Amino acid sequence: MRKERTAALCLACGTSILMAIAGVAMAEEILPDPSLPGPYPVGVTTMVFVDHSRTDTHTKGPRSLMTEIWYPATEDTRGLPKNKLSDFFLKNRSPELALILFTGFGVDLMEADDEFQNFAVRDARIRDGLFPLLLFSHGNGGLRMQNAFWCEHMASHGYIVMSPDHTGNCAVTFVAGVPVVFDPSSEARSQSAADRPKDLSFLIDMMDRMNKGDDSRFLGRVDLDRIGAAGHSFGGFTCTWLANTDSRVKAIAPMAGVAEDRTNFACPVLLFYAAEDATLGENRQQLIRDYYENSTGPRYWVAFRDAGHFSFTEMHQLKPDFGDGVGSGVRVTNGEPLEYPAMEEVFPLVNAYSTAFFSRYLKGSDKYSAYLEGNQAPHLLDYRHSLE
C-alpha cells in the first residue's frame with residue numbers, strides 16, 4: 001500500500017512538473033512580439049486640409065497640407081492589392097514629380113515603384129472601433145511617406161496615423177494641383193520651425209471634426225483623449241515643440257532630433273538616437289542626450305551604435321546607397337569605413353519599441369511592457385530607461 005501511495009505521489013509530482021514546464025513553454029511561445037505587424041489589416045488614404053486662419057508664405061494663399069492617413073481596416077482588406085510608391089505621388093500623374101525626385105535624391109520613381117515594400121491598401125474601408133491618434137512629422141526636405149514602414153506598423157496595432165507634407169519644407173508637395181518644392185533658405189527654415197507644430201495641432205483639430213461627422217469614414221472612430229506624436233530629424237524637433245505647446249499630446253517619440261527650447265519636461269518620451277549621425281553635428285547630438293537626462297517623466301533611450309541620420313527612414317528602399325545611415329559611409333567618431341545596419345535590423349526595433357511605448361502611455365496597456373524593460377538587441381543598441 002505504501003509503495004502504491006509513493007508511486008502515485010511520484011506520478012502526481014511528475015505530472016505537475018511537466019504541466020508547469022509546459023505552461024512556461026506556452027507562456028514563452030505566446031509572448032507578444034511588438035516588432036511583428038499587429039492584428040489589423042491597414043488602409044491608407046491621402047487628404048488635403050486647408051487652414052484658412054494662416055497665410056502660407058510660399059503660396060500666398062491659405063496654408064494647405066497634403067496629408068497621408070494610415071488606419072486599421074476591415075477584414076475584407078486582406079488579400080487586396082497593396083499600395084504602390086507612386087500612389088503617394090498623385091499616382092505618378094505629375095511628370096514634374098518624377099524629375100524632382102530624381103534630381104533631389106537620385107530616386108527613379110518607376111524602378112522604386114516595383115521594389116517598394118509596404119502592406120497598406122489604398123482607400124480600404126476603416127474598421128469599427130475607437131483608436132488613438134498618432135501624428136508623424138517628416139524631416140527637413142523630407143516627405144510625408146518617408147516613414148511609411150512605421151506609420152503602417154502602428155496602424156496595424158490599432159492607431160490612426162496622420163503624416164502631412166509640411167508645405168515649403170518637404171521635397172515636393174501639391175497645392176491645388178501645382179507642385180511646391182523645398183525652399184532651402186534660412187528664412188524658409190525659420191518659418192517652417194514656426195509652422196510645423198501649428199500644422200500638427202491643426203491636423204488634430206481636423207481629425208476632431210471628422211470624428212464628429214465631417215468625414216463619415218472616421219465618425220466615432222478616433223480616441224482624441226489618447227494622442228501621441230513622432231517625427232524624424234526636423235520632425236523630431238517638431239514633436240518636441242508640439243509637446244510644449246499642445247496639451248492634447250500625451251507621449252512623443254522623436255527620431256534623430258529634438259528642439260532646444262523646452263517647457264514640458266514630464267511628457268513621456270521615447271528617444272531614438274544614431275551614434276554615427278553625420279547630419280546633426282555634435283551640438284545637436286548633445287541636445288538629444290540632454291533631452292533624455294533632463295526629462296522628469298518616463299523616458300526611454302534607444303541608441304543605435306552604428307546607425308546614421310537616415311537609418312530611421314524609407315531611404316533604405318528609395319536609394320540604398322544614400323549614405324549617413326543607409327548603405328556605407330565613414331564613422332563620425334574616427335573616420336573609419338562603416339557599413340550601416342540594414343533596414344531589416346533597424347525597422348523591427350524602431351517599430352517594436354514604439355509599439356510597446358505607445359501601448360503603455362496612450363492605451364494604458366501592459367501587453368508589451370516586458371519589452372520596454374530591457375535591451376532587446378545588445379549587439380546593436382545601447383538602451384536605458386527611467387520612470388522618473
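Owing to the predicted nature of the structure, the values given are computational and were not obtained by experimental measurement.

Novice: I'd like to hear about the pairing of strand β2 (residues 62–72), residue by residue, with values.
Specialist: The buried count for β2 comes to ten of eleven residues, which makes it a mostly enclosed element. Relative to β2, strand β1 (residues 42–55) runs antiparallel, the two sharing eleven bridges. Among the inter-strand pairings, V44 is bridged to a residue of β2, identified as W70. Where β1 folds back on β2, the antiparallel hairpin that results is connected by six residues, among which K60 adopts a positive phi of roughly 65°.

Novice: Go over the sheet that holds β2, please, and point to the residues and values.
Specialist: With mixed pairing, the ten strands of this open sheet are ordered in space as β3-β1-β2-β5-β4-β8-β9-β10-β11-β14. Unpaired on one side and paired on the other, β3 (121–122) and β14 (381–386) mark the two borders of the sheet. In this sheet, strand β11 (residues 299–304) lies alongside strand β10 (residues 269–274) in parallel orientation, the contact comprising six bridges. Within β11, the residue paired with A274 across the bridge is F304. Running over the sheet, helix α7 (residues 282–294) touches β9 (249–255), β10, β11 and β14 and is turned about 150° from β10.

Novice: Could you give an account of the confidence of the model for the protein chain, with specific residues and numbers?
Specialist: Low-pLDDT stretches of the model should not have their predicted coordinates read in fine detail. Looking at the protein chain as a whole, its pLDDT mean stands at 90, while 88% of the residues score no less than 70. Contacts for the low-pLDDT stretch residues 1–29, under 50 throughout, to residues beyond four places or in other chains number zero contacts.

Novice: Would you mind going over the side chain of N147 in detail, with residue names and values included?
Specialist: Summarising the element assignment, N147 is placed in the loop between β4 (131–137) and α4 (148–156). Within polar-contact distance, the side chain of N147 engages the side chain of Q146 at 2.9 Å. Separated by 2.6 Å, the side chain of N147 and the backbone oxygen of F312 make a polar contact. Contacts of N147, omitting those with residues within four sequence positions, involve F136, H232, M255, F312, T313 and E314.

Novice: Which residues make up the side chain of T67, and what values go with them?
Specialist: Secondary-structure assignment places T67 in strand β2. Taking the relative accessible area as the measure of exposure, T67 reaches 0% and is therefore buried. A polar side-chain atom of T67 sits 3.1 Å from the main-chain carbonyl oxygen of L65.

Novice: Residues and numbers for the nonpolar core, please.
Specialist: W70, W150, F304, Y353 and F358 are the most contacted members of the largest nonpolar core, which totals 62 residues. Ranked by residue count, the leading element in this core is helix α9 (residues 343–361), at eleven residues. Not counting residues up to four positions away in its chain, the partners in contact with F304 are F272, Y273, A274, A275, F312, V346, L349, V350, L380 and L381. Residues F49, I69, A229 and V249 belong to the second largest nonpolar core, which totals 42 residues.

Novice: Which residues make up the pattern of salt bridges, and what values do they have?
Specialist: Inspection of every chain in the model, using the stated rule, returns 27 salt bridges. We note a salt bridge from R217 to D215, for which the minimum N-O separation is 2.8 Å. Residue classification places R217 among the partly exposed residues on the basis of a relative accessible area of 34%. Given the relative accessible area of 12%, D215 is considered buried. Through salt bridges with shared partners, a single network forms among D51, R54, D56, R63, D195 and D199.

Novice: Tell me about the environment of T59, and please be specific about residues and values.
Specialist: Summarising the element assignment, T59 is placed in the loop between β1 and β2. Spatially, the C-alpha atom of T59 lies 8.0 Å from that of V180, the residues being 121 residues apart in sequence. With sequence-adjacent residues up to four places away left out, T59 is seen in contact with V175 and V180.

Novice: Describe in detail a negative patch on the surface, supporting the description with residues and values.
Specialist: Taken together, D108, E111, D114 and E115 make up a surface patch of like negative charges. Positionally, D114 belongs in helix α3 (residues 109–115).

Here is what the cut-offs are and how they apply
Residues numbered from 1 in each chain as written. Predicted model: local features only at pLDDT ≥ 70, side-chain atom pairs only at ≥ 80, totals over all residues. Heavy atoms only, no water. Buried < 20%, exposed > 50% of the residue type's maximum accessible area, 1.4 Å probe, protein only. Helix = DSSP H or I, 4+ residues; strand = E, 2+ residues; numbered from the N terminus. Pairing = 2+ DSSP bridges. Contact = heavy atoms within 4.5 Å. Axes fitted to C-alpha atoms, helices over the stretch in contact; angles between N-to-C directions. pLDDT = per-residue confidence, 0-100. Polar contact = N/O pair within 3.5 Å; in protein donor to acceptor, adjacent residues only side chain to side chain. Core = buried A, V, L, I, M, F, W, Y, C linked by side-chain atoms within 4.5 Å. Salt bridge = Lys/Arg side-chain N within 4 Å of Asp/Glu carboxyl O. Patch = residues over 30% accessible without salt bridge, like charges linked within 9 Å, V, L, I, M, F, W, Y side chains within 5 Å. Areas by Shrake-Rupley, 256 points an atom, 1.4 Å probe, with all protein chains shown as cover. Lys, Arg positive; Asp, Glu negative; His and termini not counted. Charge placed at Lys NZ, Arg CZ, Asp CG, Glu CD.

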